[in-house]
Amino acid sequence: MQAARGASLSDAHTGPESDVRPVRWAEFATVAVFLLVIDQLTKLWAVATLVPGQPQEFIGSVLQLNIIRNPGAAFSTGTGYTWVFTTLSIAATIGVLWFARRVRHRGWAIALGILIAGISGNLVDRLLREPGFYVGHVVDFLQLPNWPIFNVADMCINVAAVLIVIFSFKGIGLDGSIDGGAADESDDTSDEPEGEKK
């Protein structure tokens, strides 16, 4: 079907916006769901297998399995304010989803996917685990020497934070642009066959 003067309908959308790459929902969602499932499965395993107060060696004395129920945040701070952390986690989840709407860079999509997996992993605990809805305690079971006991969700949050710092330091925007300039060509996802590229 042709538009007026023989121009195709697809030509009607030419202009600056036509060059914008698609939002990377697939990468973002795949990473987020995969890591969230891993977090929840490992917590279910820990609850069913480990006994509080009886740590088990996993990688010698470097990494032990030692289950605790944490009502607070990192380093067990704010143990009397579980509902506050739940509220903050919900707000953070909404914030990450809002930013994800603008992501057109693979690295940022992966970083935000990891981040929301970590935030929502602990949020699920606070919403659904004992002692009750919205004030549930987070299951932690990984222990390093001289470090607070943590879980997969905590690992995700820390890895995402490092990636976000790296991208920000390099000046890479959510859309792949560098310091407001052209989009990062290394993140090109064109489906054009190699033989047809110039």
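It should be emphasised that the depicted structure is a prediction, and the values quoted were computed from it without experimental measurement. (Residues numbered from 1 in each chain as written. Predicted model: local features only at pLDDT ≥ 70, side-chain atom pairs only at ≥ 80, totals over all residues. Heavy atoms only, no water.)

Enquirer: So what about the overall build of the chain? Which residues, and what values?
Expert: Per the secondary structure count, the chain includes 4 helices and 3 strands. Ordered by position from N to C terminus, the α and β elements of the chain give α-β-β-α-α-β-α. Every one of the 198 residues in the chain was classed for burial, and the buried ones make up 35%. Summarising the internal contacts of the chain: among those between residues at least 6 apart in sequence, 64% fall at separations of at least 24. For the chain, the computed accessible surface area is about 12,100 Å², with 65% contributed by carbon and sulfur atoms. (Helix = DSSP H or I, 4+ residues; strand = E, 2+ residues; numbered from the N terminus. Buried < 20%, exposed > 50% of the residue type's maximum accessible area, 1.4 Å probe, protein only. Contact = heavy atoms within 4.5 Å. Areas by Shrake-Rupley, 256 points an atom, 1.4 Å probe, with all protein chains shown as cover.)

Enquirer: How would you sum up the pairing of strand 2 (residues 63-70)? Please name residues and give values.
Expert: Relative to strand 2, strand 1 (residues 56-59) runs antiparallel, the two sharing 3 bridges. Paired with Glu57 across the strands is Gln64, a residue of strand 2. Where strand 1 hands over to strand 2, the hairpin turn is made up of 3 residues, of which Gly60 adopts a positive phi near 55 degrees. Examined bridge by bridge, strand 2 and strand 3 (residues 138-143) share 5 bridges and lie antiparallel to one another. Along strand 3, the bridge assignment pairs Gln64 with Gln143. (Pairing = 2+ DSSP bridges.)

Enquirer: Before we move on, can you summarise the sheet that holds strand 3 with the specific residues and values?
Expert: Strands sit in the order 1-2-3 across an open sheet of 3 strands; the sheet is antiparallel. Whereas interior strands pair on both sides, the edge strands pair on one side only; in this sheet they are strand 1 and strand 3. Adjacent strand axes in the sheet meet at a mean angle of 40 degrees when their direction is disregarded. (Axes fitted to C-alpha atoms, helices over the stretch in contact; angles between N-to-C directions.)

Enquirer: Just give me the short version of the packing of helix 1 (residues 25-49) against helix 3 (residues 106-128), but keep the residues and values in it.
Expert: In the contact formed by helix 1 and helix 3, the axes pass within 7 Å of each other and the chain directions differ by 30 degrees. Of the two possible hands of crossing, helix 1 and helix 3 adopt the one that is right-handed. Tallied by class, the residues present in the contact of helix 1 with helix 3 amount to 12 nonpolar, 5 polar and 5 charged. (Left-handed = near helix turned anticlockwise from the far one by under 90°. Nonpolar A, V, L, I, M, F, W, Y, C, P; charged D, E, K, R; others polar.)

Enquirer: Explain the nonpolar core residue by residue, including any values.
Expert: Grouped together as the largest cluster of nonpolar side chains are 22 residues, with contacts concentrated most on Phe28, Val96, Trp108 and Leu112. Elements represented by at least two residues in this core include exactly helix 1, helix 2 (82-100), helix 3 and helix 4 (152-170). If one sorts the elements of this core by residue count, helix 3 sits on top with 9 residues. For Val96, the contacting residues outside a window of four places in its chain are Phe28, Leu112, Leu115, Ile116 and Ile119. Counting 9 residues, the second-largest nonpolar core is a separate cluster that includes Leu63, Val139, Phe141 and Leu142. (Core = buried A, V, L, I, M, F, W, Y, C linked by side-chain atoms within 4.5 Å.)

Enquirer: Explain a nonpolar patch on the surface to me, using residue names and the numbers behind them.
Expert: A cluster of nonpolar side chains, contributed by Phe58, Ile59, Val62, Leu144 and Trp147, occupies part of the molecular surface with about 520 Å² of accessible area. In this fold, Phe58 is placed in strand 1. (Patch = residues over 30% accessible without salt bridge, like charges linked within 9 Å, V, L, I, M, F, W, Y side chains within 5 Å. Salt bridge = Lys/Arg side-chain N within 4 Å of Asp/Glu carboxyl O.)

Enquirer: Let's hear about the confidence of the model for the chain: which residues, and what values?
Expert: Looking at the chain, the pLDDT average stands at 85 and 78% of residues meet or exceed 70. For residues 1-19, every residue scores under 50 in pLDDT, and the model assigns this stretch 6 contacts once sequence neighbours within four places are set aside. Note on residues 189-193: pLDDT under 50 across the span, and 4 contacts to partners over four residues away in sequence or across chains. (pLDDT = per-residue confidence, 0-100.)

Enquirer: Got a sec to walk through the side chain of Ser120? Specific residues and values, please.
Expert: Inspection of the secondary structure assignment puts Ser120 in helix 3. Polar side-chain contacts of Ser120 include one of 3.4 Å to the backbone oxygen of Ala117. (Polar contact = N/O pair within 3.5 Å; in protein donor to acceptor, adjacent residues only side chain to side chain.)

Enquirer: Give a description of helix 1 that names residues and reports values.
Expert: The terminal C-alpha atoms of helix 1, which comprises 25 residues, lie 36 Å apart, in line with the 36 Å expected from a rise of 1.5 Å per residue. By the burial criterion, the buried members of helix 1 are Phe28, Val31, Ala32, Leu35, Asp39, Gln40, Lys43 and Ala46. Elements in contact with the buried residues of helix 1: strand 2, helix 2, helix 3, strand 3 and helix 4. (Expected span 1.5 Å × (residues − 1).)

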